[in-house]
Structure formats: structure tokens, C-alpha cells
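# Observations on the model geometry
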Amino acid sequence: MVLLHVLFEHAVGYTLLALKEVEEISLLQPQVEESVLNLGKFHNIVRLVAFCPFASSQVALENVNAVSEGIVHEDLRLFLETYLPTKKKKVLLGVGDPKIGAAIQEELGYNCQTGGVIAEILRGVRLHFHNLVKGLTDVSACKAQLGLGHSYSRAKVKFNVNRVDNMIIQSISLLDQLDKDINTFSMRVREWYGYHFPELVKIINDNATYCRVAQFIGNRKELNEEKLEELEELTMDGAKAKAILDASRSSMGMDISAIDLINIESFSSRVVSLSEYRQSLHTYLRSKMSQVAPSLSALIGEAVGARLIAHAGSLTNLAKYPASTVQILGAEKALFRALKTRGNTPKYGLIFHSTFIGRAAAKNKGRISRYLANKCSIASRIDCFSEVPTSVFGEKLREQVEERLSFYETGVIPRKNLEVMKEAMVQAEEAAAEITRKLEKQEKKRLKKEKKRLAAIALASPENSSSTPEECEETNEKPKKKKKQKLQETPQENGTEDPPVSLPKPKKRKSFSKEEFVNNDLETANNGNLPKRKKSLTKQEPVSEPEEATNRSVPKKKRKLSLKEEPLSSGPEEAVSNKSSKKKKKLQKLAQED
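The protein goes by Nucleolar protein 56 in an unreviewed UniProt entry, where it is assigned to Myotis myotis. Quoted verbatim from the Sequence similarities (unreviewed entry) heading of the UniProt record, the comment on the protein is "Belongs to the NOP5/NOP56 family." The UniProt entry for the protein carries this comment under Subcellular location (unreviewed entry): "Nucleus, Nucleolus".

What follows is the structure in C-alpha cells.
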């Protein structure tokens, strides 16, 4: 008896379910289809065999990518080999995707089935999955599906920035639109300014040049020979400038007011700016085509190659087209009209704008267009699937088309395709090696710059952290040093020390010595020994000299203190000196009386 198992891939993990013994005919009946919607009835049909959750979101993305591409992932292989019966002939595995079913049958040997009963069972499993697996809620299952869907879409959308063909599609569309708009606006300027200067239309044919000249001339009556040189620069032709000057003198146009002239000049300046932007856009398109499709642009030109890519939708789609489709790409209306009326089908579409078809004779236009379409399909495939883009193949293919054109005209046999491609392969390898060398040099330079930048940041960070406290200390110490220097410099400049700069203690000693001296005088006056006073005075005088020497040799820090204490010590000293002078006078009077 064959056992039917069903493999279900969910964002959370792989699930293997077994169907109970139910006939396949009954499963296809509407009653059984309704039982899929009921959880109780569905449990009677399906039994959970195993559930293998994904370890992480990255692992889930890898498994989903493998399933979508029809590849058996290692996790899926291990899961099936572990939980499916060993007898492979008695097992029938139901899967939702035929690609993964074919891969499993080829690699593991299990018979796989899709559609019919399996589709109904998978619909029920998808509906009741959170009830079949224990510990899984409907909210968590939806979150896992949403997260995996975002990451899967993001991985599919990833592309190389330098090879984006969307920018080419938008650029060529804008370029075509600008051509139409510039032509329309230029015709409006021609009609508007033609009322005032109708002869200018016949002299100048180019739209952008006409707008520039109309903006420069303004009122034709003001045009004179002094402006002839500037007019020659605009028209790039001396004969045309002279013809414009002569026509302005004998013009049949109407007079124009200043306001109308201002409006015409402003509108023509807009047209000139549009034409300049069109040129810059064309330059941008050429640079993008050289990056994205260098071979195709070298073969058929940037504009025609960009139109082919835009019409196909992308470079990948153009590479998938056969040469017959590329040949009539852009002529779909003519093709279907020919099929309806049973007329002749078109020979060329967008490739008609290339120079090769225009150079060919009328009888050879169809042949050269077919040959050119063949080479275009080869070039688009090389551009799409080559790792290093190079224009070598496009140049060689262009040479082949040129040789084919000369063969149609002169009969000279062209070279074989094999020989040309061998030469192109050799040159392409050299060009690829050179490009890789340049890229490696650029990468090395970038890495060196990055290392230097990181090293500078690493050196700057510890210096800042270590220098901050030191700088703070230096800023605190600097004013103190300045104060000390000022105090040291003041006595050196004067040459003598100030008398009040002295210690308070020596002054107190001096004051005490005077008091003692007064007492001694009183005693001597009573005893009648006056000469001793003179000796004491003579002895007292040299005592002051060492005191002054000691005051001079006092350290600088003590001098600061003496400056602060000076006003306090000066008061009692003066009082003592006054008393001593009075007592001296009294003693002199007493001595005279004796």
C-alpha cells in the first residue's frame, strides 16, 4: 500500500504530514473539500509527522530561495531522509511546486505528485497550520511570513548600481520627449518673432540657433555693424551674419512693442536652456550606455541601443529575445496589420535608425537588417551576462557588419565568425585584466585612505582624553606664575626696596627695644647717670642696621604677608614713638635744671 505524505514549506520551517487511509476519489468530492475548512474534520484526514523549524531568518531565506529555484537544500534533504520511510517505492510525496518535486525525485528517488488532491490538502494545511503545530500562534506565523516576504523580495530586487538599465530607459524616454517639446517651442518662437523679422526664418534653419539669434537681436532696428562680430560667433558663419544684417535693414516685418519683445526673449531663453539640457542629457546617456551595454552601443550606437533596451523593458529581456524579434522590435503595428491583410511583413523596426540600413541598397536592406539583428542579439547577451563589461566584442561585430556591407556591394568575401571571435576573446581578456588591475589599484588606495583615517581617529581620541586634565592644570598654574613674576620684577626695576616691606616681628622687637630704652632713661635720670644714655643710643643705632639687613634677606613669600599685615602694625609703632619723644623733652628739662 502506498503511503501519501505531503510536504509543506512555511516561513517558520518545513512540515511533513501523512494522509490517513482515504480513497482519492472521495477526496475530490465537494463534501471532502468542505471538510478541509473544518478543523475537526481536517484532523481526521491529515496527521502531523514532523516539523523542522528554521534556525534563523537567514537560514529561512536561503531555503526559500532554493525552493523557488527548484534546488533541494541541505536542510530539506536531511529532513526528508530522516522522517520519510526507508522504502522509497511505497512512499508518494505531495508537493506544491513541480520544480522542487522534480528535483526531489531526481536527487532522493521519492515519487512526487502535484495538483489535484495535493492542492486541496495544502490549502487546508495553510489554513490550519497554527493549530497543527504546537506552540505556534496565528500572529507569530503571520509575522514570520511578513518578515520572510520582505527579505525575499529585497534579495530579489538587489542589483549592481553600475549596471542599472532603468536609468537608460528613463533617459531615452526623456530625450525623445525633449526633442518633441523643443521642436514645438521653436516653431512657436519662429512664428512669434517672424511677425517682427520674417526674413530670419529663411536664413537660419537650426531651432536652437534661431532662438539664440532672436534673443540677441531683439529689435531689428537696433542691429548695426558693431554687433556683427557677436552675431558671427552665434551663427558660426560670417556670410549668414552679413545676410542677417542686410535683411534687418530692408525687412518687411511689423514694428514690435517693448513688452512683446521682452516676452519673446524670455520664451526663447527657455528654449535655449532646454536645448542645452538636452545636450547634457545625451552626454549622460552615452556614459550610462558605455557602462551598462558597451558592446551594443559600439555596434549600433547609444541612442538606438537605448531605444531597443527601453522597448524590451530591460537588457535581460532583450538578451532573451531571438534575432527575429529584435529585427522587428518597434514595428508591431505593421506586423499585425500585415498578418491581418496577408501582406508583406516589415523587414526592420527600431534598428532602421542605424546607419547600416541607410547605407545599404534598396534590394539589400532586408538582408542587412537580418544580419544586424543577429549581431545585436549576440552583443546584448554578451553585455547582460559578462562579468567585466568591455566594448571589444561590439567593435568586432561592427567590423563584421561593415564587411558584410562591402560584400553586398563589391563581392569581397568577409572573414568567418570563428576567426573574428577568437581575436575578440584575446583582446577581451587583455582588456578585462587591465580593468581588474585598475579596480584593484583603486581598492588599495581606498583601503590605505581608510586605514590612515582610522589611525588618525585612534591617535586623536587618547590625546584628547590625556591632555584635558593637563591643560586644565596648566591654565590654573599660569596666572600664579605671572603674579610671582610681577612681584619679583618690581624691586629689580626700582633698585631699592620699599621701607614698609618688612616682617612684623622685627618691628615689634624694635618697638619693644624703644620701650626698654625709655625705662632705662628714666632710671638713669633718677640716678644722675646721663652719659650712659648716649652710649646706649650709640649702641642702639647699629642694631637697626642688621635688622634692616634681615628685612632685606626675608623670603618673597614672607614679604607678601608683611604687605598684608603692614597697616595693622603701623598704628601702635607711631603711638610709641610720640610718647618717647615727649619723655625725652622732659628729661632734657630736668637735666638743665640740675
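Structure shown, so let's carry the discussion forward.
Bringing the overall build of the protein into the picture now. What the protein contains, in helices and strands, is 27 helices and five strands. Pairs at least 24 apart in sequence give 67% of the contacts found in the protein among residues at least 6 apart. Total accessible area computed for the protein in this model is approximately 37900 Å², and 54% of it derives from carbon and sulfur atoms.

Here the focus is helix H12 (residues 207-217). Judged by how many residues are buried, H12 sits mostly within the fold: eight of eleven residues are covered. Along H12, the residues classified as buried are Asn207, Ala208, Thr209, Tyr210, Cys211, Val213, Ala214 and Ile217. At its buried positions, H12 is contacted by helix H10 (166-194), helix H11 (200-203), helix H13 (228-235), helix H14 (238-249) and helix H15 (258-292). Two residues or fewer after H12 comes Gly218, characterised by a positive phi angle close to 70°.

Turning next to the environment of Leu122. Mapped onto the elements, Leu122 comes out in helix H7 (residues 117-127). Separated by 27 residues in sequence, Leu122 and Val95 place their C-alpha atoms 8.4 Å apart. Those residues in contact with Leu122 that lie beyond four places of it in its chain are Val6, Leu7, Phe8, Val95 and Gly96.

It is worth spelling out the nonpolar core at this point. Leu296, Leu299, Ile300, Ile309, Leu318 and Leu372 are the most contacted members of the largest nonpolar core, which totals 45 residues. Top element by residues in this core is helix H22 (residues 365-385). It accounts for seven residues. If you count residues domain by domain, this core takes at least three from each of domain 2 (166-281) and domain 3 (293-434). If sequence neighbours within four positions are ignored, Leu372 has contacts with Leu299, Ile300, Ile351, Ser354, Phe356, Ile357 and Val401.

Applying the stated rule across the entire model yields ten aromatic pairs. Centroid distance Phe51 to Phe129: 6.1 Å. Interplanar angle 65°. Geometry classified as edge-to-face. With Phe51 in strand E3 (residues 46-53) and Phe129 in helix H8 (residues 129-132), this residue pair connects regions lying 78 residues apart in the sequence. Owing to a relative accessible area of 25%, Phe51 belongs among the partly exposed residues under this scheme.

Turning next to the UniProt feature "coiled-coil region" (unreviewed entry) in the protein. UniProt marks residues 418-457 with the feature "coiled-coil region" (unreviewed entry), using the numbering shown here. Annotated as 100% helix and 0% strand, the span residues 418-457 places its first and last C-alpha atoms 58 Å apart.

For the rest of this paragraph, the subject is the confidence of the model for the protein. Scored by pLDDT, the protein has a mean of 78; 76% of the residues are at 70 or more. Below a pLDDT of 50 lies the segment residues 468-519, which in the model reaches 32 contacts outside its immediate sequence neighbourhood of four places, other chains included. Under a pLDDT of 50 for its full length, residues 521-574 has, in the predicted model, 33 contacts with residues more than four places off or in other chains.

So, how was this worked out
Residues numbered from 1 in each chain as written. Predicted model: local features only at pLDDT ≥ 70, side-chain atom pairs only at ≥ 80, totals over all residues. Heavy atoms only, no water. UniProt positions renumbered as here; feature names shortened; annotations may be inferred. Helix = DSSP H or I, 4+ residues; strand = E, 2+ residues; numbered from the N terminus. Contact = heavy atoms within 4.5 Å. Areas by Shrake-Rupley, 256 points an atom, 1.4 Å probe, with all protein chains shown as cover. Buried < 20%, exposed > 50% of the residue type's maximum accessible area, 1.4 Å probe, protein only. Core = buried A, V, L, I, M, F, W, Y, C linked by side-chain atoms within 4.5 Å. Domains from an automatic or database assignment. Phe/Tyr/Trp six-rings, centres within 6.5 Å; stacked < 30°, edge-to-face > 60°. pLDDT = per-residue confidence, 0-100.

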